[in-house]
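Working through the structure, step by step
Below, each chain spelled out in residue letters.
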Amino acid sequence: MEERPRAQSKRKRQKGKIKRFLLPAGVIVLCLLSALLPPLQAGWHTLYRIVGLGGPKSDGFTVHFLDVGSADAIILHCGETTILVDAGTVDCGTEICRYLRRMGVETLTLAVNTHPDKDHLGGFVQVLREFPPQAYWEPEVPESLIPASEEYSLTRAALEEMEIPVSQVGAGVSLSLGPMTLEVLGPVSQPDDSNNGSLVLKASYAGRSVLLMGDAEESEEEDILNSGAEVGCDVLKVGHHGSKTSTSAQLLQQARPQYAVISAGSGRPPNEEVLQRLQENRAEVYRTDTQGNIVLSITEEGLTFYTEK
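Residues numbered from 1 in each chain as written. Predicted model: local features only at pLDDT ≥ 70, side-chain atom pairs only at ≥ 80, totals over all residues. Heavy atoms only, no water.

**Quick notes on the pattern of salt bridges**
For the structure shown, the criterion picks out eight salt bridges. A salt bridge links glutamate 95 to arginine 98; the shortest N-O distance between them is 3.9 Å. Note that glutamate 95 and arginine 98 are positioned in helix α3 (residues 93-102) at a spacing of three residues, about one turn of the helix. According to the relative accessible area criterion, glutamate 95 is partly exposed, its value standing at 28%. By relative accessible area, arginine 98 is classed as partly exposed at 44%. Salt-bridge contacts for arginine 156 lead to glutamate 138; the nearest nitrogen and oxygen are separated by 2.6 Å. Taken as a pair, arginine 156 in helix α6 (residues 150-161) and glutamate 138 in strand β5 (residues 136-138) lie far apart in primary sequence, 18 residues in all. For arginine 156, a relative accessible area of 27% corresponds to the partly exposed category. One network of salt bridges, with partners in common, ties together Glu95, Arg98 and Arg102. (Salt bridge = Lys/Arg side-chain N within 4 Å of Asp/Glu carboxyl O. Helix = DSSP H or I, 4+ residues; strand = E, 2+ residues; numbered from the N terminus. Buried < 20%, exposed > 50% of the residue type's maximum accessible area, 1.4 Å probe, protein only.)

**Re the sheet that holds strand β9 (residues 200-205)**
The strand order β7-β8-β9-β10-β11-β12-β13 describes an open sheet built from seven strands, whose pairing is mixed. Pairing within the sheet leaves two strands with one partner each, and these edge strands are β7 (174-177) and β13 (284-287). Along the sheet, successive strands turn relative to each other by an average axial angle of 20 degrees, direction set aside. When strand β8 (residues 180-186) meets β9, the two strands line up antiparallel, connected through six bridges. By the bridge assignment for β9, threonine 181 is matched with serine 204. (Pairing = 2+ DSSP bridges. Axes fitted to C-alpha atoms, helices over the stretch in contact; angles between N-to-C directions.)

**Comments concerning unusual backbone geometry**
The step from glycine 186 to proline 187 runs through a cis peptide bond, and the omega angle for that step is 10 degrees. You can see proline 187 is positioned in the loop between β8 and β9. The backbone of aspartate 86 sits at a positive phi, close to 70 degrees, despite the residue not being glycine. Positionally, aspartate 86 belongs in the loop between β3 (81-85) and α3. Although it is not a glycine, histidine 240 sits at a positive phi angle of roughly 55 degrees. Exposure remark for histidine 240: the relative accessible area of 11% places this residue in the buried category.

**Structural notes on the sheet that holds strand β4 (residues 110-112)**
Across the sheet, eight strands lie side by side as β6-β5-β4-β3-β2-β1-β14-β15; this open sheet has mixed pairing. Unpaired on one side and paired on the other, β6 (166-168) and β15 (302-307) mark the two borders of the sheet. Between one strand axis and the next, the sheet turns through 15 degrees on average, direction left out of account. As judged from the three bridges shared by β3 and β4, these two strands associate in the parallel manner. Of the residues in β4, the one forming a bridge with valine 85 is valine 112. Relative to the sheet, α6 contacts β5 and β6, its axis offset from that of β5 by approximately 145 degrees. (Contact = heavy atoms within 4.5 Å.)

Take a look at the structure:
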């Protein structure tokens, strides 16, 4: 008769052990769910940041428009090829490097500075040292337009220190990287200011194309159109952060983009006239100031956008 209470006591102790084991496991599961559910609700990109990736995996071509405020930083990725077009302001360097690491990038195939303004050049000082590119492209800048900024001088020093080959390129230069092609459409002529000396690039893959306008204004847009360059594209990276000095009606009529991406900051939203012109041309607009990081994925099957917000 005495054995029964002991057996019951033993079973209680075993149940207690099981409960003590299950409770922490349950807490861990709840913690994981609480960590993952908000990103799932907020959008794909935050989730990818948690698991350590820089963007959606794709067998095709991806273009990453980074949320760097009223600046530019764009990553082109196709197979083993990774190209960085501009690097935002100097304080953007750390985040750009983190993003590249999350993508699994170890070195850049090419770095491109569209023009030497601080909001396109600053982050290169850090990026060049952490992800030394095989080559560096920049426009030919007239001596009168060479900036006296610290960002410019530090970037030159980093290029020299890392022994990175530098090429000054302009309209007519093209580069084939496996299934992806990168063409330079502008500048066509010597600029009278930095913005109108921007490198204008067209990246093509699987019959689709993305036109990257840098800070080109109407003057350079007109030069490019007059040169006979093929500006038709599926996606337009809007020039000069959506400023009213860029993205003319003439350019939109020739380019006929189905989509437009604007890199802008909350304190400097795109111009309403530009947004109106894009709407009139039936271009679906994506904006980093309202949607965060934006990733475009192009495969043989088609084109897809992913946004952080």
